[in-house]
Amino acid sequence: MRAETQNNIDAIQKSLNLLAQRMDYETARYRLEEFDARVEDPTLWDDPEAAQKLMRDRQVLVDTLAMHDSIKQELADNVELIEMGEMEDDADIVTEAEDALKALRDKAAQKELEALLDGEADANDTFLEVNAGAGGTESCDWANMLSRMYVRWAEKKGYKVELQSMQSGDEAGIKSVTYKIIGHNAYGWLKSESGVHRLVRISPFDSAAKRHTSFTSVKVYPVVDDNIEIEVNQSDIRLDTYRSSGAGGQHVNTTDSAVRITHFPTGIVVTSSEKSQHQNRDIAMKALKSRLYQMELDKRSTLVNEAHENAGDAGWGNQIRSYVLQPYQMVKDLRTGFETSDTKGVLDGDLDGLMGATLALDMSGKGRDAANTD
């Protein structure tokens, strides 16, 4: 067996070992039996929210077990094919199986990264907020491009995207937008996107076709579920209602019942303008609690806390990533050094490479080596 093939086999096995540890494979079947027993309880749906959470948790366990076993079986099958091909001197079978192992190595590595998403809130849904920086129309257009990028990424992941609020730009694009992204590990994947994103391009709004630099900030907060207690004193907030209007289209409604909540101790302001006034208040309160919870998470992590404290305004010196479209094509993450010339793919939502590189930095304190020795 070739050395490269053996290296691929070893890499897949190492990923499998990490996956097994992270899900506690030895007890996973028993936990699934417990889930199944609770599902059969006739009183389960007396509490719809708790029932839905239980069903989601059960499905995550089912999917994780199936994924682990599938990779393990595919590894064994291809190793067997290689050994058989070598015995029968059939180069075609060996080549086909080796190619399959290369693809399996990449798949296993991706699942290994996902296994590191075991922080306190990583599995939660998330709020994603995009705000244009200084620069008028240029920054508003860049904010709109980033917004589209994240929606495309979420859709490719199979996540559900709900628009919470949006403020259109004066001439084009958007000044700000907030989405709720619903799906397993939504926060875990997106949390590393918080920061300032810089765009360099020939401006479509400049008749002289000069190169412009624009900045937009992205903020990500986990959706706080009922298991996490966040107290908000009514005396600490102000609730305002106002008329909200967007740029039109299927995702934007005009309403007289938009809600803005200001939290005095922190200066946090959250809005919601897509539902009835009662629903907007509920949505805005959940968003406020998520912001407060994120602040608490930041305090527990020195690296994350420093990143947020240094985030500053959307401008020079605060970027986490650069997107250069002129005079060359390059997207580069300034934290990891990861770069790609596929700018079109990135702006169309192909972000897993960038996110994976940041996740591998182990901002939660669980890098690959540590994960394999827990």
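Structure shown above.
Fair warning: this is a prediction, and the values are worked out from it, not measured in the lab.

**Brief notes about the overall build of the chain**
Scanning the chain from terminus to terminus reveals eleven helices and eleven strands. Burial analysis of the chain (374 residues in total) assigns 44% to the buried set. Taking the contacts inside the chain whose residues are at least 6 apart along the sequence as the reference set, 64% of them involve residues at least 24 apart. Accessible surface computed for the chain: about 19,500 Å², of which carbon and sulfur atoms make up 47%.

**Examining the pattern of salt bridges**
For the structure on display, the rule yields 23 salt bridges. Ionic pairing is found between Lys102 and Glu4, a salt bridge with its closest N-O pair at 3.8 Å. One end of the pair, Lys102, is in helix α4 (residues 91-115); the other, Glu4, is in helix α1 (residues 3-23), with 98 residues separating them in the sequence. Among the salt bridges present, the one from Lys156 reaches Asp350, with a minimum N-O distance of 2.7 Å.

**Quick notes on the nonpolar core**
Side chains of nonpolar character tend, in soluble globular proteins, to be buried together. Ranked by size, the top nonpolar core spans 55 residues in total, and within it Leu128, Leu288 and Tyr323 carry the most contacts. Among the elements that line this core, the one with the most residues is helix α5 (residues 137-157), at nine residues. Among all residues touching Leu288, those that are not within four sequence positions of it are Val232, Ile237, Ile261, His263, Ile268 and Val270. Leu18, Ile71, Ala97 and Leu101 belong to the second-largest nonpolar core, a separate cluster that totals 16 residues.

**Focus: a negative patch on the surface**
Together, Asp41, Asp46, Asp47 and Glu49 give the surface a local cluster of negative charge. Relative to the assigned elements, Asp41 resides in the loop between α2 (25-39) and α3 (48-87). Since its relative accessible area comes to 34%, Asp41 is described here as partly exposed.

**Regarding the packing of α1 against α3**
At a minimum axis separation of 11 Å, α1 and α3 run at an interaxial angle of 160 degrees. Taken together, α1 and α3 sit at an angle that is classed as roughly antiparallel. Remark: the crossing between α1 and α3 carries left-handed chirality. Judged by residue contacts, Thr5, Ile9, Ile12, Gln13, Leu16, Leu19, Ala20 and Met23 of α1 engage Thr64, Leu65, Met67, His68, Ile71, Lys72, Leu75, Val79 and Ile82 from α3. Taken together, the residues of the contact of α1 with α3 break down into twelve nonpolar, four polar and one charged.

Parameters and conventions
Residues numbered from 1 in each chain as written. Predicted model: local features only at pLDDT ≥ 70, side-chain atom pairs only at ≥ 80, totals over all residues. Heavy atoms only, no water. Helix = DSSP H or I, 4+ residues; strand = E, 2+ residues; numbered from the N terminus. Buried < 20%, exposed > 50% of the residue type's maximum accessible area, 1.4 Å probe, protein only. Contact = heavy atoms within 4.5 Å. Areas by Shrake-Rupley, 256 points an atom, 1.4 Å probe, with all protein chains shown as cover. Salt bridge = Lys/Arg side-chain N within 4 Å of Asp/Glu carboxyl O. Core = buried A, V, L, I, M, F, W, Y, C linked by side-chain atoms within 4.5 Å. Patch = residues over 30% accessible without salt bridge, like charges linked within 9 Å, V, L, I, M, F, W, Y side chains within 5 Å. Lys, Arg positive; Asp, Glu negative; His and termini not counted. Charge placed at Lys NZ, Arg CZ, Asp CG, Glu CD. Axes fitted to C-alpha atoms, helices over the stretch in contact; angles between N-to-C directions. Parallel < 35°, antiparallel > 145°, perpendicular 65-115°, else oblique. Left-handed = near helix turned anticlockwise from the far one by under 90°. Nonpolar A, V, L, I, M, F, W, Y, C, P; charged D, E, K, R; others polar.

Limitation: the analysis is restricted to geometry and does not speak to function.
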